[in-house]
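Residues per chain are reported as follows:
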Amino acid sequence: MNDILIQNTVAFFEKSFGSSPQKTVLSPGRINIIGEHIDYNDGYVLPAAIDKVICFAFAKNNTTTSKIIAIDLNEEFEIDLTQEVKLSDVVWTNYIRGVIKQLQDNGFSFEGFNCVFSSNIPVGSGLSSSAALECGMIFGIKSLFDLKIEKKDISLLGQKAEHWVGINCGIMDQFSSVHGLENKVIQLDCNTLDFEYHNADFKDYSLILFDSNVKHSLFTSEYNTRRIECEEGLSIIKSHFPEVKTFRNANEEQVLSLKDKMTDKVFSRVHFVVKEINRVIKACKALDQGNIEQLGELLFETHYGLSQEYEVSCEELDMLVDTAKEDDAIIGSRLMGGGFGGCTINLVKKGHENEVKRKFSKLYLDTFGIELKFYDVKISNGTTLL
Ligand code: GLA
């Protein structure tokens, strides 16, 4: 599936710069089975890299300026590596500027390079195309200039680049893009960054993403607000239960006992967080035991929490999940990623995929006048040097 993308990217590089690339990198998007909005709340998450990727071609250019071409956008920019890195009005370039800034601020030295890239990760669908862009860039620069950066640090530098652009994200997206492994989901402890792989064996069910085609217009501001609300909630819990250091060691009973000490909003956010942390632990067990029906139930529970308590859903995503709940061929469904649009992730009984797709397409188009897209998920390797 990615062969043509690779060929086109390399050919574009050759046409643009008159020589072959020295390094070619594939950097994947990610899904998340369960554990939403808890990477920055000291939870565990269960993501995986997928076979939708950004392909980058790189070569040194023996100057102090880098030239980067986004093939799909038909746009390019140059950056003088001897000057202070600043944000630009051209948003996509900021992820790359951010990466260059983070590398420089952390003492890594490198010179000018040429780069072209092209992607088949849909943008704004909750599949973390920005993390793929950040981590693929870091991986390429590291390979080109032989920088000593461990995988974990690639993720952390990518995350810092995203913060610099303006989203105070957790570590899940960058970590899973770098550490993905074919047919494995990653149980990541977002506090220690310890992780273990679990078999991505969903037995009689197929993982299918339904892309609502709704883009996240509220995403950045609401995302950052959720973080602040959770911090406020945690400090209230801590002040009443000094033994609690993070959400991980707070329990639902403690949160319920503090309901009248918090605003309704803050209470709903932290109530969701403590329950979601437990759901991920249950979900990992269910997956290991092959109890996919239980995993599916947990997905539905997560969605209702994200919609009602964390309030990061929207009408279109709620309709998709409510309809899935009534459909005998679907045993689990929820919005995936940051929310306010993007995809739902669904466990669909094998053999029923086409009928489900037909039914949802029609219903979605009739209700919202928007085309619903489907992605059959293949769990794949993380960032790779070809
Ligand atoms: C976005 C962020 C992640 C994570 C998810 C929600 O994808 O980048 O760090 O918080 O939202 O789980």
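Above this text you will find the structure in question.
Owing to the predicted nature of the structure, the values given are computational and were not obtained by experimental measurement. (Residues numbered from 1 in each chain as written. Predicted model: local features only at pLDDT ≥ 70, side-chain atom pairs only at ≥ 80, totals over all residues. Heavy atoms only, no water.)

### Here's the deal with the overall build of the protein
Next, step 1: Helix and strand content of the protein: 11 helices and 13 strands.
Next, step 2: In terms of overall dimensions, the protein is globule-like: its C-alpha atoms have a radius of gyration of 21 Å, near the 21 Å expected for 386 residues.
Next, step 3: For the C-alpha atoms alone, the extent of the protein along its principal axes is close to 60 × 50 × 40 Å.
Next, step 4: Burial analysis of the protein (386 residues in total) assigns 59% to the buried set.
Next, step 5: Across the protein, contacts joining residues at least 24 apart in sequence account for 72% of those joining residues at least 6 apart.
Next, step 6: Surface exposure of the protein reaches about 16000 Å², of which carbon and sulfur atoms provide 47%. (Helix = DSSP H or I, 4+ residues; strand = E, 2+ residues; numbered from the N terminus. Rg over C-alpha atoms; globule rule 2.2 N^0.38 Å. Buried < 20%, exposed > 50% of the residue type's maximum accessible area, 1.4 Å probe, protein only. Contact = heavy atoms within 4.5 Å. Areas by Shrake-Rupley, 256 points an atom, 1.4 Å probe, with all protein chains shown as cover.)

### Digging into the sheet that holds strand β8 (residues 195-199)
Next, step 1: Strands sit in the order β2-β7-β8 across an open sheet of 3 strands; the sheet is antiparallel. Among the strands making up the open sheet, the edge pair consists of β2 (44-45) and β8.
Next, step 2: Of the strand pairs in this sheet, β2 and strand β7 (residues 184-189) are connected by 2 bridges, and their pairing is antiparallel. Note that in β7 the partner of Val45 across the bridge is Leu188.
Next, step 3: Of the strands in this sheet, β2, β7 and β8 touch helix α5 (residues 172-179), which is tilted by about 135 degrees from β7.
Next, step 4: Those strands touched by helix α8 (residues 264-288) are β2, β7 and β8, and its axis lies near 40 degrees from that of β8. (Pairing = 2+ DSSP bridges. Axes fitted to C-alpha atoms, helices over the stretch in contact; angles between N-to-C directions.)

### A closer look at the packing of helix α2 (residues 91-105) against helix α4 (residues 151-165)
Next, step 1: Axis separation between α2 and α4 bottoms out at 8 Å; the angle between their running directions is 125 degrees. As summarised for this structure, α2 and α4 are arranged oblique, according to the angle between their axes. Seen along the crossing, α2 lies across α4 with a hand that is right-handed. Only Leu157, Lys160, Ala161, Glu162, Trp164 and Val165 of α4 make contact with α2, whose side of the interface consists of Asn94, Tyr95, Arg97, Gly98, Val99, Lys101, Gln102 and Leu103. (Parallel < 35°, antiparallel > 145°, perpendicular 65-115°, else oblique. Left-handed = near helix turned anticlockwise from the far one by under 90°.)

### Considerations on the pairing of strand β1 (residues 23-32)
Next, step 1: Within β1, 9 of the 10 residues are buried, leaving the element largely enclosed by the surrounding structure.
Next, step 2: In the sheet, β1 pairs with strand β3 (residues 47-60) via 9 bridges, with the strands oriented antiparallel. Paired with Lys23 across the bridge in β3 is Phe58.
Next, step 3: One ladder, built from 2 bridges, connects β1 with strand β13 (residues 384-385); its direction is antiparallel. Paired with Leu26 across the bridge in β13 is Thr384.

### Considering the site of the ligand
Next, step 1: In the vicinity of the ligand, the residues found are Arg30, Glu36, His37, Asp39, Tyr40, Cys169, Gly170, Met172, Asp173, Tyr223, Gly337 and Gly338.
Next, step 2: With respect to the ligand, the side chain of Arg30 contributes an N or O atom lying 3.2 Å from an oxygen atom.
Next, step 3: Here an oxygen atom of the ligand sits 2.6 Å away from a polar atom, N or O, in the side chain of Glu36.
Next, step 4: Calculation on the ligand without its partners gives an accessible area of 310 Å², and the protein chains cover 95% of this total.
Next, step 5: Because more than half of its atoms lie within 2 Å of the grid, the ligand is assigned to the largest pocket.
Next, step 6: When the residues that make up the shell around the ligand are grouped by side-chain class, the tally is 4 nonpolar, 4 polar and 4 charged.
Next, step 7: Residue contributions to the shell around the ligand reach at least three from each of two domains, namely domain 1 (2-201) and domain 2 (205-377). (Near = heavy atom within 4 Å. Polar contact = N/O pair within 3.5 Å; in protein donor to acceptor, adjacent residues only side chain to side chain. 1 Å grid on protein atoms, 1.4 Å probe; cavity = no way out; pocket = protein on both sides within 12 Å on 5 of 7 lines; lining within 4 Å. Sits in = over half its atoms within 2 Å of the grid points. Nonpolar A, V, L, I, M, F, W, Y, C, P; charged D, E, K, R; others polar. Domains from an automatic or database assignment.)

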